[in-house]
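Remarks on the overall topology
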Amino acid sequence: MNKRILNKRLDGLFKVLGILTTVFGMLVLLVLFIDVFLDGASRLSLGFFTSFPSRKPEAAGILSAWVGTLWIMAVTAFIAIPLGIGSAIYLEEYAPKNRLTALIEISIANLAGVPSVIFGLLGLGLFVRWFNLDRSVLAGGLTLAILVLPVIILSTREALRAIPFSIREASYAVGATKWQTVYLQVLPAALGNIMTGVILAMSRAVGETAPLITIGALTYIAFLPQPPVILSGEFPFIRVGLQGLFDPFTALPIQIFNWVSRPQKGFSVNASAGIIVLLGITLAMNSIAVIVRYRQRKKTRW
Amino acid sequence: MDNAAFSITQMRVSYARKEVIKGVSVSIMPNTVTALIGPSGCGKSTFIRSLNRINDLIPSFRISGDIIYRQKDIYDKETDVVELRRRIGMVFQKPNPFPKSIYENIAYGLRIHGLNIKDTIDETVESSLKKAALWDEVKDNLKQNALTLSGGQQQRLCIARTLATQPEVILFDEPCSALDPISTAKIEELIHHLKQSYTIIIVTHNMQQAARVSEYAGFFLLGELIEFGKTQELFTAPKDKRTEDYITGRFG
Ligand SMILES: Nc1ncnc2c1ncn2[C@@H]1O[C@H](COP(=O)(O)OP(=O)(O)OP(=O)(O)O)[C@@H](O)[C@H]1O
Ligand SMILES: [Mg+2]
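Here's what I pulled together on the structure shown here. (Residues numbered from 1 in each chain as written. Chains lettered and ligands numbered in written order. Predicted model: local features only at pLDDT ≥ 70, side-chain atom pairs only at ≥ 80, totals over all residues. Heavy atoms only, no water.)

**Topic: the overall build of chain A**
Going by this rule: Secondary structure follows DSSP: runs of H or I at least 4 residues long count as helices, runs of E at least 2 residues long count as strands, and numbering of each begins at the N terminus. The criterion used for residue contact is that any of the two residues' heavy atoms lie within 4.5 Å. Working convention for charge: Lys and Arg count positive, Asp and Glu count negative, and His plus the chain ends are omitted. By convention, the point assigned to a charge is CZ for Arg, NZ for Lys, CD for Glu and CG for Asp.
Across its full length, chain A holds 11 helices and two strands. With the principal axes as the frame, chain A shows a C-alpha extent of 70 × 60 × 40 Å. The long-range fraction of contacts in chain A, counting pairs at least 24 apart against all pairs at least 6 apart in sequence, stands at 75%. Chain A carries 26 positive and 13 negative side-chain charges, and their two centres are separated by 8 Å.

**What about the overall build of chain B?**
Cut-off, in case you're wondering: Within these notes, the globule rule equals 2.2 Å times the number of residues to the 0.38 power, and the radius of gyration is based on C-alpha atoms. Any residue under 20% of the maximum accessible area for its type is buried, any over 50% is exposed, and the rest in between are partly exposed; the area is computed with a 1.4 Å probe on protein chains only.
Within chain B, the secondary structure is distributed over 10 helices and 10 strands. Taking 2.2 N^0.38 as the reference for a compact globule, 252 residues should give roughly 18 Å; the C-alpha atoms of chain B span a radius of gyration of 18 Å, in line with that estimate. On the principal axes, the C-alpha backbone points of chain B span a range of 55 × 45 × 35 Å. A total of 252 residues make up chain B; the buried ones form 55% of that total. The contacts in chain B between residues at least 6 apart in sequence include a share of 67% that link residues at least 24 apart. A gap of 4 Å separates the mean positions of the 32 positive and 30 negative side-chain charges of chain B.

**Here we look at the sheet that holds strand β9 (residues 216–221) of chain B**
Residue and element names in this part refer to chain B. Filter applied, for reference: We treat two strands as partners when DSSP finds at least two bridges between them. Every axis corresponds to a line fitted to the C-alpha atoms, with the helix fit spanning only the stretch in contact, and the corresponding angles, defined between N-to-C directions, vary from 0 to 180 degrees.
A sheet is described by the order of its strands in space; here six strands give the open sequence β6-β7-β8-β3-β9-β10, paired in mixed fashion. Since the sheet does not close on itself, it has two edges, and those belong to β6 (88–91) and β10 (224–230), each with one partner. With direction set aside, neighbouring strand axes in the sheet form an average angle of 15°. Where β6 meets strand β7 (residues 169–173), four bridges bridge the pair, whose relative direction is parallel. Bridging across to β7, Val-91 finds its partner in Phe-172.

**With respect to the interface of chain A and chain B**
What counts here: By convention, the term buried area covers the 1.4 Å-probe accessible surface removed from two parts as they join, with the contributions of both added. Nonpolar residues are Ala, Val, Leu, Ile, Met, Phe, Trp, Tyr, Cys and Pro. Charged residues are Asp, Glu, Lys and Arg, and all others, Gly as well, are polar.
At the junction of the two partners, chain A supplies 22 residues and chain B supplies 24 residues. For the pairing of chain A and chain B, the buried interface totals around 1900 Å² over both sides, and the portion due to carbon and sulfur atoms is 63%. If you list the elements that add at least two residues to the side of chain A that touches chain B, you get α7 (165–173) and α8 (178–206) of chain A. In terms of residue count, α7(A) provides more of the side of chain A that touches chain B than any other element does, eight residues in total. Within the side of chain A that touches chain B, the residues separate by chemical class into 11 nonpolar, eight polar and three charged.

**Re the pairing of strand β4 (residues 61–69) of chain B**
Residues and elements named next belong to chain B. Across eight bridges, strand β1 (residues 6–15) lies against β4 in antiparallel orientation. Within the sheet, the bridge partner assigned to Ser-14 lies in β4 and is Arg-62. By the bridge criterion, two bridges tie β4 to strand β5 (residues 72–73) in an arrangement that is antiparallel. Each bridged residue has a counterpart across the sheet, and for Tyr-69 the counterpart in β5 is Lys-72. Taking the residues that link successive antiparallel strands as the turn, the β4-β5 hairpin has two residues, and the phi of Arg-70 there is positive, at about 50°.

**With respect to the site of ligand 1**
Residues and elements named next belong to chain B. To keep things clear, this is the line we draw: Here a residue is near a molecule or strand as soon as one of its heavy atoms is found within 4 Å of it. N or O atoms closer than or at 3.5 Å make up a polar contact, with two conditions inside protein: a donor-capable atom paired with an acceptor-capable one, and, for residues adjacent in sequence, both atoms drawn from side chains. Note that accessible areas follow from Shrake-Rupley with a 1.4 Å probe, and for residues the cover is restricted to the protein chains shown.
In the region of ligand 1, 13 residues are neighbours, and Ser-40, Lys-44, Ser-45, Thr-46 and His-205 sit closest. One nitrogen or oxygen atom from the side chain of Ser-40 is found 2.4 Å from an oxygen atom belonging to ligand 1. Note that an oxygen atom of ligand 1 is positioned 2.8 Å from one of the side-chain N or O atoms of Lys-44. Summarising the interface, the protein chains cover 66% of the accessible area of ligand 1, which totals 630 Å² for the free molecule. Every element with two or more residues in the shell around ligand 1 is listed here: β2 (18–28) and α1 (44–49). Looking at the shell around ligand 1, the element that brings in the most residues is α1, giving three residues.

**Considerations on the side chain of A:Thr196**
Along the chain, the position of A:Thr196 falls in helix α8. Those residues in contact with A:Thr196 that sit more than four places away from it in its chain are A:Ala289, A:Val292 and A:Arg293.

**What to know about the packing of helix α5 (residues 116–130) of chain A against helix α6 (residues 137–161) of chain A**
All names here are of chain A. Put simply, the test is: Note on terminology: angles under 35 degrees are roughly parallel, angles over 145 are roughly antiparallel, angles of 65 to 115 are roughly perpendicular, and the others are oblique. In this scheme the crossing of two helices becomes right-handed for a clockwise turn of the near helix relative to the far one and left-handed for an anticlockwise turn of less than a right angle.
Between α5 and α6, the shortest axis-to-axis distance is 9 Å and the interhelical angle comes to 135°. With respect to their mutual orientation, α5 and α6 come out oblique. Between α5 and α6 the crossing geometry is right-handed. The segment α5 lies against α6, with Ser-116, Phe-119, Gly-120, Leu-122, Gly-123, Phe-127 and Val-128 engaging Ala-139, Leu-142, Thr-143, Ile-146 and Leu-147.

Here you go:
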């Protein structure tokens, strides 16, 4: 009898504790939000998005920063997504279960836990210096790509592993080959979870500052990488090219970092406004991930 | 026997080092229904899963002996496993539809074998669903996700999916174990119809079901085929004491 009452009390206690910790987490986020918002909201205007950085805080904007972030993310996505998903498919579905595979798996798991500065150093040595890419969009994108690669591989493997064996059996039993089974059944069934993992990995990359600073991304840039598509009034009217990949860049977190480290009050307001934008992007990406996952869950109840 | 669909001699199967089929020899006649009974863990599933080589997916699986299907050793190096699995279809214990529409579940088998003519696929979807006695229930909702169907409907969909690729043999591994009596009756009736055109092997725990649907029956015990013969004889006048004990329920 006594024990039952004790258990009930303990149960209640844990419930209260659980609620408290959750509320604490939310409160911290909320306070952070309100603080940043109060500081920076006044700076958010169209001009803020369309102006280059400047010596005068009121005139400075994040144009080169958000365009740079867009470029970097495009490169990162283009490299890391196919490579990550491909590696995961190989490791999960094709790789023989031997020591070499085990070694690769352990390495990837470890890479996912390596601090991002280290990836920055790798990027500096490999892409900036050795490949002679200098402090270009390409060097930055490649560096972030190898940073998120292990995360994408791990989450994709998790997604593939979640597909029941019975689905594969069903596919083989009607005479499908391995590739047909993987490509037409397993991948589509896992796609929702794969996308969730990819988006979360990318949203992590958006805010990465350390590796970009390490490879020497510039903090004051008053021009944009050459756009991939240029329209003009004269023949041939349109020019397509990736010359922009080799242009120097800055990115949102770097711009914010730069502004935070300045003494003038005006710049710290700018930094807060930049943080609001960055938080907005991250939150939007995470929400998309949640929606994708939710819709996938509704579609497949095994 | 030359006209047998399967001629199996001394089939031995092991997982890792554990031998679970210990020298089974049997012939299965074409266009008949053969029921396999036996206590849990005696190797019935392992036996039929070795006939379409679906067990190849299990890394620790090892097999020896002659497993001849239509004069060809199915474990020969030359065997086209993909083609073999199309010719020897399988329906599993737990319904396992693809997480796609009803239509796509059936069209899949056709598409992977290179059939892409929409009209032909439409026709096959309809005829397979009719044969599997599911058409009337789903004809207006072919686009619906198959996972929203009931368990019995899912199992009939899996049967339709198997029929669509026109196999010669259908292996059923306890197809009714997760189903209610009405769905079970429907599937038994279905098997009854199918035997005109297919060779059917069905594993079941239900003695009445075995007696109802099959012409031949085999009793497995601890990896051995204890007795095999006409269903009626096996159930009314078993030759082996162990068979008798099992079918009269005296077995543990
Ligand atoms: N993948 C596997 N790996 C290792 N051992 C296995 C595997 N599958 C089956 N076995 C073993 O092989 C033996 C036969 O199993 P099998 O599934 O063929 O029995 P069964 O007659 O179909 O039983 P049930 O009526 O319960 O389905 C059992 O001892 C089982 O533990
Ligand atoms: Mg079984």
